[in-house]
There are 2 protein chains.
Amino acid sequence: MAGKVHLIGAGPGAADLITVRGMRLLQAADAVLFDALVQPEMLQYCPQAVLIPVGKRCDKASTAQRFINKMLVDAAHKYARVVRLKGGDPMLFGRAQEELAALDEAGIEYEIVPGVTAALAAAADSAISLTRRGFARNVLFATARVGEGEQTSDWLKPVLAADTTVLYMGVKQSAAIAAALLAGGMPPDTPLLIVENASLPGCREFPLTLRELPQAATFQLDGPAILLIGEVYRAKLALADEVRKAG
Amino acid sequence: MAGKVHLIGAGPGAADLITVRGMRLLQAADAVLFDALVQPEMLQYCPQAVLIPVGKRCDKASTAQRFINKMLVDAAHKYARVVRLKGGDPMLFGRAQEELAALDEAGIEYEIVPGVTAALAAAADSAISLTRRGFARNVLFATARVGEGEQTSDWLKPVLAADTTVLYMGVKQSAAIAAALLAGGMPPDTPLLIVENASLPGCREFPLTLRELPQAATFQLDGPAILLIGEVYRAKLALADEVRKAG
């Protein structure tokens, strides 16, 4: 008889930003398969468990999704309580559906535990609400697709229509993203905020305008970073200008 | 000297879906101001604290925002460790900015702790990822504004452009929402999912098409409900059809 799998969102990074349920399930787990985005501190909740790293970070060594699916099914055949720990929330840009399909096919029981997604941690760190009564009534979570062979128009349209946008990943392609947004008609003085390492000690934020976005290449972003776009960040921009002038 | 305020996301409802940090801060709080959306079980983390209910639910008795701001500032002058506990995540449809502005103005220190927003809990409950490689590459969180005197066009555009949309609140206006989406050109067979009481024992889900959305008025939704829209819900719809035929 196979074990049960809990697919758990680890949250944005800080070990205490996982949910209470997620922590308790980690404490009771026999085996934990974890992403490269999961911080080592998070694994201190489960010293008793067999730890199975399953790569996955955009530009670093990654384990093919099919292989992850297989490892997950194998673990459920070997252990009673398996945790699949994914950075952020598992149901948002997590390719969870492919893992769930593999578990369904193998007849393995699972449960999903949501997590705090990076955008919400960035909003908390920056103290800027993603929505604002009157002028920011919706927020889009998206990824920019500006690589070779990608048609840019299909990702642009919802970004241009939304009041606030959070772009996950892709900050390293900032010049191409800026070019696409400008070509799409977004005003050059649109306020942006880049947040690196949301919720972690090395958290940094960079307020800038769309016009200045290509400069992000010089920010030496090493940790996971997201790009926030919208009028709600204008106050942050004004503050940064003041600091710059005072400095 | 004033105390410090922690603005904490309570998460979608279940007491163990608050973050570990949120729970620990509740356990140490002197006073807790909480929303109507916060479940009573959540307050078991803070039996030592003075509990201050501050209404707020769309159609129930609510405390005016300005009064909440004042109560928050007053509490910080009276207690060292104040928690402002908000349903879901504080920085998404939470009017947090108005409370933060009041704290700023009063010179009171604060920190924000993010939470799991209802959309992510609904995704976990339904086991349907909000995004899917290839055909659901972005997700919009929005509110529908179909009340009298509202211009519908400004909320519609991003909804029509996004691959997946989560509409917070407003399910009770399902007929007006359906009419607006159909008039905007959304196909009548677009798959939808209504999730009521995400993460709670009374959780119910209703798969249906846009054409059928006006029927939601008969679902007798008592708890908080959100409306999810997009092709990712088509599989759920097919499953519901099978169950209906078998029944």
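For the structure itself, look to the data block above.
These remarks concern the structure in this document. (Residues numbered from 1 in each chain as written. Chains lettered and ligands numbered in written order. Predicted model: local features only at pLDDT ≥ 70, side-chain atom pairs only at ≥ 80, totals over all residues. Heavy atoms only, no water.)

**Some details on the interface of chain B and chain A**
Next, step 1: Contact residues are listed per partner, giving 50 residues for chain B and 51 residues for chain A.
Next, step 2: Between chain B and chain A the total buried area reaches about 4300 Å² when both faces are included, carbon and sulfur atoms providing 61% of it.
Next, step 3: For the interface between chain B and chain A, the tally reads six salt bridges.
Next, step 4: Here A:R137 ties to B:D154 by a salt bridge, and the two come within 3.5 Å at their closest N and O atoms. (Contact = heavy atoms within 4.5 Å. Buried area = accessible area lost by both parts, 1.4 Å probe. Salt bridge = Lys/Arg side-chain N within 4 Å of Asp/Glu carboxyl O.)

**Examining the relation of the copies chain B and chain A**
Next, step 1: Of the two same-sequence chains, chain B is brought onto chain A (RMSD 0.0 Å, axial shift 0.0 Å) by a rotation of 180°. What the rotation and shift describe, once combined, is the action of a two-fold rotation axis.
Next, step 2: Most of the interface of chain B is mirrored in chain A, where 100% of its interface residues are also at the interface. (Least-squares fit on C-alpha atoms with pLDDT ≥ 70 in both.)

**Some details on the side chain of B:T209**
Next, step 1: Relative to the assigned elements, B:T209 resides in strand 9 (residues 204-209).
Next, step 2: What B:T209 contacts, discounting residues up to four positions off in sequence, is B:P188, B:D189, B:T190, B:L192 and B:L237. (Helix = DSSP H or I, 4+ residues; strand = E, 2+ residues; numbered from the N terminus.)

**Structural notes on unusual backbone geometry**
Next, step 1: Although it is not a glycine, A:M169 adopts a positive phi angle of roughly 60°.
Next, step 2: Tracing the backbone through its elements, the reader meets A:M169 in the loop between strand 7 (164-168) and helix 6 (174-183).
Next, step 3: On the basis of relative accessibility, which here comes to 37%, the residue A:M169 falls in the partly exposed class.
Next, step 4: Of note in the backbone geometry, B:N197 takes a positive phi value of approximately 55° without being a glycine.
Next, step 5: Secondary-structure assignment places B:N197 in the loop between strand 8 (191-196) and strand 9. (Buried < 20%, exposed > 50% of the residue type's maximum accessible area, 1.4 Å probe, protein only.)

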